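Overview (structure and organization)
Below are the chains, spelled out letter by letter.
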Amino acid sequence: MSTEASSPPKGGPDSNGPAVMNSGPTSNGNHHDPAAVEDGHLPRNGTDGINTHKEDPSNEDGSASSTVHNEQLASVDGGAEKKGSHEEGAEEDGEDEDDEDEEPSLKYERIGGDLAGILEKETASTIALGAKLMAIGTHAGVVHISTLDGTIIKSYRAHTASVNDITLDSQDEFVATASMDGQVVIYGVAGTETYSFDLKRPIKAIALDPQFAKKGTRAFVCGGMAGTLVMHEKGWLGHKESLIHSNEGPIWAIAWRSTLIAWANDVGIRIYDTNTEGKLMSIARPAGSPRADLFKCTLRWQDDTTLLVAWADHIMLARIRTRSTRGGAPGVSLVVEITAHFQVDCMLSGIVPHLNPLGSFLTLDYIPPDTFSNEETQDREEQRRKAANMPELRIISRTGEELSSDALTVKDYHRNGCNDYWLEPSIDAADPFYIVVSPKNLIRVKLRDAVDHVTWLVERERYEEALTAVEQLDSGKGANVAEVGRKYIEHLVEQGEFEKAAHLCTRVFGTNAKDWEDSIFIFRKRGHLEAITPYVPTKEPQLSRIVYEMVIAHFLQHDLESLLRTIREWPVEIYDIAAVIVAVKARVDRAPGSAILMECIAELYMRNKQPGKALEYYLRLRNPSVFDLIREHNLLVVVRDQALLLVEFDQELEKSKQKQEAPKNKNSGILKGKGKDKAASQAITLLVDHPHAIPVVLYAEYESGRLIDFLRASNYYSLEKAYKICNTKDMVPEMVFLLGRMGGDENNKEALNLIIERLGDVNRAIDFARDQNDDDLWERLLKYSETRPAFIRGLLENVGAEINPIGLIRRIKNGLEIPGLKEALIKILSDFNLQA
């Protein structure tokens, strides 16, 4: 068939050979022009931009200091050059710092299980991945079939030498192996159907018919050092062989997809169509390529018509397309078109299509060690083979630009060559991954997902970005908003950004009561409880009472303003208000002049439905709403003993109001006095509406003449307090009344003494004694009258059942002059005769 090739892409091959990768800068901005191959190794000058993480080759476990992911498998290379000169060290340090902020694209984990234990004793030589199984060939000729997590299902010795190639059919029913011992073995995983072929010469590659398990032909192709590509098919008389190609050197790699078979030999790559049994055009090896046996070829069908090739340091992408036959002949023919071709600065141990970004490639790169340049040297140290570098996984764009690079830490990497590494993709499209194989390690490589992105942000303390990212994830995806948020809040607290941390709590904790409580205690421990208090939930979730009471107790000791605000905002159901009242009242008693403490206790009483107790503090605070409070809760009886204070407070409010309105009235030309009705005082209005509640002190102060009537008519006052007020004001008639109302011998005697000594009113004394109906009082009155003529005459004029006139007359001392005695005696005798 004719050979066709597309025009080379920009920066691609020209007439002098394939383009070098440096046609477009890589992420690290370095350019490398490969040198000639010498002894199978590509010379390096240490300035090609690859982070090799060189270390002592004697380190048997191959551990490295720079690692990525929790399995410590890879160190991210963000493109910083590892310069050898001391002068460029500072520049390298700056670039390394920038690299740390570049998020890796891949994550790594070692495959453990049974396979890990096997590779402690054996060395892997090749791998094949199926939908559910994984097959590993070893240099001892043993094949291990396992699950994808490394659990061994079967192990068997298929060969007596190294397994060069291994493959699984599409149904995971057969494993085919090719070996240095010249044998091809096809092993039935589930049954007893097994085939073995002795082809005499080492076999380097094998490929099964994609429908091997479904077709009775059991077809496969293989090739190796004999330089022939042979098709084997099962017939009536056994397997028959069909030669497809020969005479172009050993067969190094084979890939079979649908009806197309691609293979690589010393000349290049050829493609065969099983439908037409015709060979398509060949793809020549790039000029100047190293020996094919030292740096292997990887053939990967990306789809039914796209072949991906990695050979030595070249990457090619070939597309198979159809075209009409020439000359008007019926039918179509297939042609190969090279759509991409570029050279990289390392040797390629494997390549697979990559999903992110779409159209890119994932390559497993081998970095050849430096070689000695002086071939005539006798220095054995200089002649000694240099240790190999760590392999790298790179993501390369369709144009050849390096997007990311990770150096893998594998055991004994310093002893390995390019052909010792393999890179295989999984078949599962829903959860894609890759397997990297070295002689002693199996590493699973996966794309980093949104959860990994969140983890990476958290590790770099970029919490705001991490929180936003995790909030966009579906629940159950492995990342938790609260977990990320907690770390963010802890970070802010450590940085002293308490307000920001507190504001974040609602967003992070939601209805998680435990997280809320833990954070509140952290803020308290740090002495910034006031920052989180405005955000503390009081329902959905409602926290433990001890938390709310702890906040209140803290504010009571350290922040009374916050205490007042909290009392006003929090519902009383969430804490023990009685206990809080006791605590606050104790503080008020120790500091009775504290206005804010009085506000707190008044607010607590009001919220506890005790407005009467709150009224006292509102009056002391001169709170203008006190009148509304009295009216709303009918508290005038409670405040009657402080009515004077109420009136004085009302007068103060009125003066303050007038002072504030004076400038307005002056500016507006309003005249004072004339024609202006003076608004009634709130206190007076209340007292008028509730006359029974007017206290004694107000009568004593402003209406002393009406006090005795109030005392006789009202029962809404304290007799003892009223007496003290009257005593202070020297209001004797009122004192007499109050003493008589209080009762008791001493009070009655005191009242009588006041009448006699202070008032000198015999008639009132007689009335008082009569009202009390107390013989001792009468006797006291009579005895007191013996030396007071006016009292004797008054008693004689008012004799009755209580006073014996004869006894009264006998008490009159001889010589005592009593004005009006004659008329009094005549009246007594006259009354006596009438009664008789």
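Residues numbered from 1 in each chain as written. Predicted model: local features only at pLDDT ≥ 70, side-chain atom pairs only at ≥ 80, totals over all residues. Heavy atoms only, no water.

1. Observations concerning the overall build of the chain
What counts here: Only DSSP runs of H or I reaching four residues or more are called helices, and only runs of E reaching two or more are called strands; each is numbered from the N terminus. Residue burial is assigned from relative accessible area. The probe radius is 1.4 Å, only protein chains are included, and a residue is buried under 20% of its type maximum, exposed over 50%, and partly exposed in between. Per-residue and other accessible areas were derived by the Shrake-Rupley procedure at a 1.4 Å probe size, with only the shown protein chains allowed to occlude residues.
When helices and strands are counted, the chain shows 28 helices and 30 strands. For the chain, buried positions account for 47% of its 836 residues. A total accessible area of about 41500 Å² is found for the chain, and carbon and sulfur atoms account for 48% of it.

2. Details of the packing of helix H24 (residues 762-772) against helix H25 (residues 775-785)
The criterion, for reference: With axes taken as lines fitted to C-alpha atoms, and helix axes fitted only over the stretch in contact, angles between N-to-C directions fall between 0 and 180 degrees. By definition in this entry, angles of less than 35 degrees are roughly parallel, angles greater than 145 are roughly antiparallel, angles of 65 to 115 are roughly perpendicular, and the rest are oblique. It is the rotation of the near helix from the far one that decides the hand of a crossing: anticlockwise by less than a right angle makes it left-handed, clockwise makes it right-handed. In this description, contact between two residues means that some pair of their heavy atoms is separated by no more than 4.5 Å. Nonpolar residues are Ala, Val, Leu, Ile, Met, Phe, Trp, Tyr, Cys and Pro. Charged residues are Asp, Glu, Lys and Arg, and all others, Gly as well, are polar.
Relative to each other, H24 and H25 sit at 160°, their axes nearing to 8 Å. Taken together, H24 and H25 sit at an angle that is classed as roughly antiparallel. You can see that H24 and H25 cross each other, and the crossing is left-handed. Listed contacts from H25 to Ala-765, Ile-766, Phe-768, Ala-769, Arg-770 and Gln-772 of H24 are Leu-777, Trp-778 and Leu-781. Split into classes, the residues belonging to the contact of H24 with H25 amount to seven nonpolar, one polar and one charged.

3. A short note on the nonpolar core
Note the cut-off: To form a nonpolar core, buried Ala, Val, Leu, Ile, Met, Phe, Trp, Tyr and Cys residues must be joined to one another through side-chain atoms within 4.5 Å.
Counting 69 residues, the largest nonpolar core has Ile-520, Phe-523, Ile-532 and Tyr-575 as the members making the most contacts within it. Here this core takes eight residues from helix H13 (residues 595-607), the largest share from any one element.

4. What to know about the confidence of the model for the chain
Rules: Each residue gets a pLDDT score, which is the predictor's confidence in that residue and runs from 0 to 100.
Summary statistics for the chain give a mean pLDDT of 78 and a share of 71% for residues scoring 70 or more. Ignoring residues within four places in sequence, the model shows residues 1-72, a span with pLDDT below 50, making 160 contacts including any to other chains. Here residues 74-91 is a poorly scored stretch, pLDDT under 50, and it has 45 contacts once near neighbours within four places are set aside; other chains count.

5. Re the packing of aromatic side chains
This is how the line gets drawn: We call Phe, Tyr and Trp rings a pair once their centres come within 6.5 Å, taking the six-membered ring for Trp, and we label the pair stacked below 30 degrees between planes, edge-to-face above 60, and tilted otherwise. For a ring to carry a charge above it, either NZ of a lysine or CZ of an arginine must fall within 6 Å of the ring centroid while also lying within 35 degrees of the normal to the ring plane.
Per the counting criterion, the structure on display carries nine aromatic pairs. Consider the rings of Phe-197 and Phe-220, whose centres lie 5.1 Å apart with planes at 55°: the pair is tilted. A residue pair is termed long-range when its members are at least 10 positions apart, and Phe-197 in strand E10 (residues 194-198) and Phe-220 in strand E12 (residues 220-224) qualify at 23 residues. For Phe-197, a relative accessible area of 12% puts it in the buried group. Under the relative-accessibility criterion, Phe-220 is labelled buried at 0%. Consider the rings of Phe-498 and Phe-523, whose centres lie 6.2 Å apart with planes at 70°: the pair is edge-to-face. Here Phe-498 is found in helix H7 (residues 498-509), whereas its partner Phe-523 is found in helix H8 (residues 513-525), with 25 residues between them in sequence. With relative accessibility at 1%, the residue Phe-523 sits in the buried group. Directly above the ring of Phe-212 sits Arg-218, whose terminal nitrogen or CZ lies 5.6 Å from the centroid. Between Lys-296 and the ring centre of Trp-422, over which it is positioned, the NZ or CZ distance is 3.6 Å.

6. Considering the pairing of strand E11 (residues 203-208)
In regular strands, side chains alternate between the two faces of the sheet. Rule in force here: The pairing criterion for strands is at least two bridges between them, as found by DSSP.
Where burial is concerned, most of E11 is hidden: five out of the six residues are buried. Examined bridge by bridge, E11 and E12 share five bridges and lie antiparallel to one another. Directly across from Ala-205, in E12, lies its bridge partner Gly-223.

7. Things to note about a negative patch on the surface
Note the threshold: Patch building starts from residues that exceed 30% relative accessible area and form no salt bridge, then joins like charges within 9 Å and nonpolar side chains (Val, Leu, Ile, Met, Phe, Trp, Tyr) within 5 Å. Salt-bridge detection follows one rule: a side-chain nitrogen of Lys or Arg within 4 Å of a carboxyl oxygen of Asp or Glu. In this tally, Lys and Arg are treated as positive and Asp and Glu as negative; His is ignored, and so are the chain termini. For charged residues, the charge sits on one atom: NZ in Lys, CZ in Arg, CG in Asp, CD in Glu.
Residues Asp-745, Glu-746, Glu-750, Asp-775 and Asp-776 make up a contiguous surface patch of negative charge. Contributing elements (two or more residues each) for the negative patch: helix H23 (745-759) and H25. Relative to the helices and strands, Glu-750 is located in helix H23. Of the residues examined, Glu-750 reaches a relative accessible area of 35% and is grouped as partly exposed.

8. Considerations on the pattern of salt bridges
Side chains bearing opposite charge may pair, as long as their charged atoms lie close to each other. Under the defined criterion, the tally for this structure stands at 30 salt bridges. When the shortest N-O distance is used, the salt bridge between Asp-449 and Lys-107 registers 3.9 Å. Taken together, the residues span a long stretch of sequence, with Asp-449 in the loop between strand E30 (441-447) and helix H4 (450-459) and Lys-107 in strand E2 (residues 106-110) at a distance of 342 residues. With a shortest N-O distance of 3.7 Å, Arg-568 and Glu-603 are connected by a salt bridge. Of the two residues, Arg-568 sits in helix H11 (residues 560-569) while Glu-603 sits in helix H13, which places them 35 residues apart along the sequence. Each of Asp-345, Asp-365, Glu-392, Arg-394 and Glu-402 takes part in one network of salt bridges that share partners.

9. Observations concerning the side chain of Ser-519
With respect to the helices and strands, Ser-519 occurs in helix H8. Owing to a relative accessible area of 5%, Ser-519 belongs among the buried residues under this scheme. Setting aside its immediate chain neighbours within four residues, Ser-519 contacts Cys-505, Phe-509 and Ile-532.

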